[in-house]
Amino acid sequence: MLIVPERHIADLMTREAAFDAVERVFAAMAAGDAYNFPVVREAIGHEDALYGFKGGFDRAGLTLGLKAGGYWPNNLEKRGLINHQSTVFLFDPDTGKVKAMVGGNLLTALRTAAASSVSIKHLARTDARVLGMVGAGHQATFQLRAALEQRSFDKVIGWNYHPEMLPNIQKVADEAGVPFEAVELDGMRQADVIISITSAFAPSLMADHVSPGCHVACMGTDTKGKQEVEAALLARATVFTDEVAQSITIGEAQHAVAQGLIAESDVTQIGAVINGTHPGREGDDQITLFDGTGVGLQDLAVAAAVVDLAAKKGSAIEVDF
Ligand code: NAD
């Protein structure tokens, strides 16, 4: 069994490798070669923690396993640890023997950023120039860094519910040499691509804040009750997702579906676009919206990639098990 500890991930994993792994597994999901298992998420009644498992099997990539972990809200204050904690376990699909144990914290951020990047590659207009960010927390910095690689953006605009957090994303734009401007939400009308990555339970981005031709990646809503954008925006947009079942139950589409504004059949797996069985964007005026809910197969895909990289470099820790 190989172990790749959390502290090794930053030196091993690249944004490019994460992007390739996520794009490939989205394609496998749409082709019916990979599927996610039902998600388990429990309030364990200890340390206010939420703990659970996300797993799946990719027959094309022969990746079987699960990510175990969750959210411990007291970690930072009490122990100086980050609140989100996760570990990925990979198994040999031929024998069931455990293959690898991989730190999942940084990988979660990289695979989530890779998902919106894949959506930008396949759905945003090729002439997109202005990138809008709604959200400026931990994930937002990863999202922005990855998105800037997908188009020749010449400006980043940002809005955040807590404006004092905006320097987090301004720093990323500065490092990439792209001008940054803080805007009000109606300023998002100048954006060609908008990434929304907040923990909100009520919408900030309204349908009339989004211009025709924009691509919106909604990345924050991963739980029942959360909501980042007005449901009417989904009715105006052509909606894509990582997995339809999650999109309509715990993703951004849950609200538009519950209100009868769109049907389940209006939501398309992005893998179909990657595979060429769906045309994707149709015309420069269409609004495309990607509902990135986060699936276990993404975690397994990036963990398998990092295990390969560690094995090649000889840095994986091998134990008899
Ligand atoms: P964070 O705590 O670092 O940042 C939270 C962000 O949400 C900040 O920008 C904050 O200002 C904003 N926010 C808080 N309350 C708000 C409100 N009422 N209205 C609007 N904005 C508000 O969190 P993070 O680690 O950046 O995670 C952001 C979200 O992404 C969380 O909801 C998390 O569960 C989700 N997430 C999704 C995936 C996925 O695969 N889709 C993966 C990881 C995290």
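Every chain is numbered independently, its residues counted from 1 as its sequence is written. Restriction of local features to residues with pLDDT of at least 70 applies here, the model being predicted, together with a cutoff of 80 or more for giving and counting side-chain atom pairs; totals for whole chains, interfaces and linings are based on all residues. Only heavy atoms go into the side-chain values, all of them from the structure, while hydrogens and water stay out.

- The protein chain has the name Ornithine cyclodeaminase family protein in an unreviewed UniProt entry, where Paracoccus onchidii is given as its organism.

Section: the environment of Ala-237
Phase 1 of the analysis: The secondary structure listing takes helices from DSSP runs of H or I that are at least 4 residues long and strands from runs of E that are at least 2 residues long, numbered from the N terminus. Looking at where Ala-237 falls in the secondary structure, it is placed in the loop between α7 (231-236) and β13 (238-241).
Phase 2 of the analysis: Overall, Ala-237 belongs to the buried group, its relative accessible area being 12%.
Phase 3 of the analysis: Ignoring sequence-local partners within four residues, the contact set of Ala-237 consists of Ile-287 and Leu-289. A 1.4 Å probe rolled over the protein chains alone gives each residue an accessible area, and that area as a share of the maximum for its type sets the label: buried under 20%, exposed over 50%, partly exposed in between. Contacts are assigned to residue pairs that have any heavy atoms within 4.5 Å of one another.

Here we look at helix α4 (residues 105-123)
Phase 1 of the analysis: The span one expects for a helix is its residue count, reduced by one, times 1.5 Å. With 19 residues, α4 ought to run about 27 Å at 1.5 Å a step, and its terminal C-alpha atoms sit 28 Å apart, in line with that.
Phase 2 of the analysis: For α4, the tally of buried residues reaches 17 of 19 residues, placing the bulk of the element in the interior.

Brief notes about the packing of aromatic side chains
Phase 1 of the analysis: Only Phe, Tyr and Trp rings take part, Trp by its six-membered ring, and two of them pair if their centres are within 6.5 Å. Stacked means planes under 30 degrees apart, edge-to-face means over 60, and tilted covers everything else. Scanning the model with the defined rule gives four aromatic pairs in all.
Phase 2 of the analysis: Ring centres 5.3 Å apart and planes at 75° place the aromatic pair Tyr-51 and Phe-53 in the edge-to-face group.
Phase 3 of the analysis: Take Tyr-51: its relative accessible area is 30%, and that puts it in the partly exposed class.
Phase 4 of the analysis: Take Phe-53: its relative accessible area is 34%, and that puts it in the partly exposed class.
Phase 5 of the analysis: Here the aromatic residues Tyr-51, Phe-53 and Trp-72 are joined through ring pairs into a cluster of three or more.
Phase 6 of the analysis: Either the NZ atom of lysine or the CZ atom of arginine qualifies as a charge over a ring when it sits within 6 Å of the ring centre and within 35 degrees of the ring normal. Just above the ring of Phe-142 sits the side chain of Arg-145; from NZ or CZ to the centre is 6.0 Å.

Concerning the environment of Thr-293
Phase 1 of the analysis: With respect to the secondary-structure elements, Thr-293 resides in the loop between β15 (288-291) and α11 (296-313).
Phase 2 of the analysis: Take Thr-293: its relative accessible area is 3%, and that puts it in the buried class.
Phase 3 of the analysis: Taking the C-alpha atoms as reference points, Thr-293 and Met-29, separated by 264 residues in sequence, lie 14 Å from one another.
Phase 4 of the analysis: Those residues in contact with Thr-293 that sit more than four places away from it in its chain are Lys-54, Thr-221, Asp-222, Thr-241, Asp-242, Gln-246, Ser-247 and Gly-251.
Phase 5 of the analysis: Under this definition, polar contacts are N or O atom pairs within 3.5 Å; protein pairs additionally need one hydrogen-donor-capable and one acceptor-capable atom, and for neighbouring residues in sequence, both atoms have to be side-chain atoms. Within the structure, the side chain of Thr-293 is placed 2.8 Å from the side chain of Gln-246, a separation counted as a polar contact.

Brief notes about the layout of surface pockets
Phase 1 of the analysis: Only protein atoms enter the 1 Å grid used here. Points where a 1.4 Å probe fits but cannot escape make up a cavity, open sets with protein on both sides within 12 Å along at least five of seven lines make up a pocket, and a residue lines them when an atom lies within 4 Å of a point. Grid points are joined across faces, edges and corners, and a volume is the space filled by probe spheres set on the points. Of the voids in this model, the second largest pocket is the one considered here, and its volume is about 190 Å³.
Phase 2 of the analysis: As for the second largest pocket, its lining consists of Ala-17, Ala-21, Arg-24, Val-25, Ala-28, Asp-58, Ala-60, Gly-61, Thr-63, Ala-301, Ala-304 and Ala-305.
Phase 3 of the analysis: When residues of the lining of the second largest pocket are traced back to their parent elements, those giving at least two are α2 (15-30) and α11.
Phase 4 of the analysis: Polarity classes work like this: nonpolar for Ala, Val, Leu, Ile, Met, Phe, Trp, Tyr, Cys and Pro, charged for Asp, Glu, Lys and Arg, and polar for all others, with Gly in that last group. A breakdown of the residues in the lining of the second largest pocket according to their chemical character gives eight nonpolar, two polar and two charged.

Comments concerning unusual backbone geometry
Phase 1 of the analysis: Positive phi values are uncommon outside glycine, yet Glu-47 reaches one of about 55°.
Phase 2 of the analysis: Assignment of secondary structure puts Glu-47 in the loop between β3 (40-43) and β4 (50-58).
Phase 3 of the analysis: A relative accessible area of 19% means that Glu-47 is categorised as buried.
Phase 4 of the analysis: We note that Leu-62 has phi near 50°; this positive angle belongs to a residue other than glycine.
Phase 5 of the analysis: Inspection of the secondary structure puts Leu-62 in the loop between β4 and β5 (63-71).

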